[in-house]
Amino acid sequence: MQTPVIRLDFRSDTVTRPTVGMRAAMAAAEVGDDVLGDDPTIKALEARLAALFGKEAGLFVPTGTMSNLAAIMSHCQRGEEFLCATGAHTYLWEAGGAAVLGSVQPQPLPVRADGTIPIEDLHAAVKDDDPHFAITRLVTIENTFAGRVLPRDHLAEVVEFARERKLATHLDGARLFNAAAALGVDVGHLAEGFDSVSLCLSKGLGAPLGSVLVGDAPLIARARRWRKMLGGGMRQAGIIAAAGLYALDHHVDRLVEDHANARVLAQAFGGIEGLKVTPPQSNVVFVELAPDLATRLSEALRELGIAASFWPGGRMRWVTHLDVNRAAVDEAIAAVREITEGRT
């Protein structure tokens, strides 16, 4: 049976296609061999993001997973560990890469309802200097975390904790621009004090792929070596980096539109019987519903060419982005309402 074509895709903000302007920028990009350090467009992107976050250097990599992994492996040695949140991308969604490829142990910690890790739990997780334990070396924080925006005061608290305990800090900023847009602050402000920051260009910013890791020059030099070892060294990749530069110029200010569309979705879904909605803080909407209703809704929406993420146990996630405008949001709302009310 032929799979219905997806017309409206709310599964993730990674599904966006390059805009006409972005494609033009990619086609016109000046390129060189990046592995040999010769690609001027990649150099420009790395320097721009490093300057934006007050860092000495940047490194362009294919994916956010590789960016986080290169950072962890650059901060930690074999037999050491990093602290993170339970459910963090570095722990749950990156195929165990830090442990498998870096021999670095993750130590996940529970989070509060707002996505923050209690500082007392971070202190308690730091291991004594004892050969029985992995050596605690790094703390990683993700912002946004499952769509929740972590406030700057908590980030500052984490940085202070890390300095007190002589730990390195890494910020997984896959959607950090969304966090900044939600708080109405400069994005660099949210990363102050962190030793390294990973920025994703293919989520809210709409580039086809690519992330940039920023930090001090020695750290980025180590990460560059890891990038090569992990197979992430690309050649004339300035074509891709040009998309990232275009996104920084044209797709940052518009993130507030995605957040507004997420609020419209949430408000409408909250008025539908059987759906329990968590109010969104950025562009991610989570909905809880009975498993049988989730199955029926998923199948019916698929037939209509509308896609969202449905997870076991009756949970769904809707993510707004530049390829779903207000008209698409309104159509999705109408479809969900009709299906849940049994009219389709």
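Residues numbered from 1 in each chain as written. Predicted model: local features only at pLDDT ≥ 70, side-chain atom pairs only at ≥ 80, totals over all residues. Heavy atoms only, no water.

What counts, and what does not: UniProt positions are given in the numbering used here, feature names are shortened, and annotations may be inferred rather than shown by experiment.
The name given to the protein chain in an unreviewed UniProt entry is Threonine aldolase, with Sinorhizobium kostiense as the source organism. The record in UniProt for the protein chain states the following under Subunit (unreviewed entry): "Homotetramer."

## A few points about a nonpolar patch on the surface
How we decide: Patch members must show over 30% relative accessible area and no salt bridge, and they are joined within 9 Å when carrying like charges or within 5 Å when they are nonpolar side chains of Val, Leu, Ile, Met, Phe, Trp or Tyr. Only the protein chains shown count as cover for residues, and the accessible areas themselves come from Shrake-Rupley with a 1.4 Å probe. A carboxyl oxygen of Asp or Glu within 4 Å of a side-chain nitrogen of Lys or Arg is what we treat as a salt bridge. Exposure classes here rest on a 1.4 Å probe applied to the protein chains alone. A residue is buried below 20% of its type maximum, exposed above 50%, and partly exposed in between.
A cluster of nonpolar side chains, namely Tyr91, Leu92 and Trp93, defines an oily patch on the protein surface of about 340 Å² accessible area. Residue class for Tyr91 comes out partly exposed when judged on its relative accessible area of 34%.

## What about the pattern of salt bridges?
Here is the rule: What counts as a helix is a DSSP run of H or I of at least four residues, what counts as a strand is a run of E of at least two, and both are numbered from the N terminus.
A complete count under the given rule lists twelve salt bridges for this structure. Between Glu331 and Arg7 there is a salt bridge, and its shortest N-O distance comes to 2.7 Å. With Glu331 in helix α13 (residues 326-340) and Arg7 in the segment before β1 (8-9), this pair connects stretches of sequence that are 324 residues apart. Residue classification places Glu331 among the partly exposed positions, given a relative accessible area of 35%. The residue Arg254 makes a salt bridge to Asp258 at a minimum N-O spacing of 2.5 Å. Across the pair, Asp258 and Arg254 agree in class, each one buried.

## Concerning the packing of aromatic side chains
The cut-off we apply is this: A pair of Phe, Tyr and Trp rings is counted when the ring centres sit within 6.5 Å of each other, with Trp represented by its six-membered ring. The angle between the planes then sorts it: under 30 degrees is stacked, over 60 is edge-to-face, the rest tilted.
Within this structure, the stated rule accounts for four aromatic pairs. Ring plane angle 45° and centroid distance 5.9 Å describe the contact between Phe286 and Trp311, whose orientation is recorded as tilted. With Phe286 in strand β10 (residues 284-288) and Trp311 in strand β12 (residues 309-311), this pair connects stretches of sequence that are 25 residues apart. Phe286 sits in the buried class, given a relative accessible area of 9%. A relative accessible area of 28% means that Trp311 is categorised as partly exposed. Ring pairs connect the aromatic residues Phe10, Phe269 and Trp318, which therefore count as one cluster.

## Details of the packing of helix α3 (residues 64-75) against helix α9 (residues 217-229)
The test is simple: To obtain an axis, a line is fitted to C-alpha atoms, over the contacting stretch when the element is a helix, and the angle between two such axes runs from 0 to 180 degrees between their N-to-C directions. What sets the label is the angle itself: under 35 degrees gives roughly parallel, over 145 gives roughly antiparallel, 65 to 115 gives roughly perpendicular, and the rest give oblique. By the definition used in this description, the sense in which the near helix is turned from the far one sets the handedness, with an anticlockwise turn below a right angle giving left-handed and a clockwise turn giving right-handed. Residue contacts are defined here by distance: any two heavy atoms, one from each residue, within 4.5 Å place the two residues in contact.
Packing of α3 against α9 leaves a shortest axis separation of 9 Å and a crossing angle of 120°. Accordingly, the angle class assigned to the pair α3 and α9 is oblique. Judged by the sense of rotation from one axis to the other, the crossing of α3 with α9 is right-handed. Together, Met66, Ala70, Met73, Ser74 and His75 of α3 and Leu219, Arg222, Ala223, Trp226 and Arg227 of α9 make up the contact between the two elements.

## Digging into empty space enclosed by the protein
Take a probe with the size of a water molecule and roll it over the atoms, and the empty space left behind shows itself. Put simply, the rule is: Both cavities and pockets are sets of points on a 1 Å grid over the protein atoms alone; in a cavity a 1.4 Å probe fits but cannot get out, in a pocket the set is open with protein on both sides within 12 Å along at least five of seven lines, and lining residues sit with an atom within 4 Å of a point. Grid points are joined across faces, edges and corners, and a volume is the space filled by probe spheres set on the points. Throughout this entry, Asp, Glu, Lys and Arg are counted as charged residues, while Ala, Val, Leu, Ile, Met, Phe, Trp, Tyr, Cys and Pro are counted as nonpolar. The remaining residues, Gly among them, count as polar.
One pass over the structure, following the stated rule, counts two cavities of 30 Å³ or more. In this structure, the largest cavity spans a volume of roughly 80 Å³. Along the walls of the largest cavity sit Cys84, Ala85, Ala88, Thr90, Gly115, Ile117, Thr140, Ile141, Glu142, Phe145, Leu150 and Asp172, which together make up its complete lining. Going through the elements one at a time, β3 (80-85) and β5 (135-142) are the ones with two or more residues in the lining of the largest cavity. The element that contributes the greatest number of residues to the lining of the largest cavity is β5, accounting for three residues. Its residues assigned to classes, the lining of the largest cavity shows seven nonpolar, three polar and two charged. Taken as a whole, the second largest cavity holds about 30 Å³ of empty space. Around the second largest cavity, the lining residues are Asn68, Leu69, Ile72, Thr90, Glu94, Gly97 and Ala98. For the lining of the second largest cavity, the secondary-structure elements that each account for two or more residues are α3 and α5 (97-102). The element best represented in the lining of the second largest cavity is α3, accounting for three residues.

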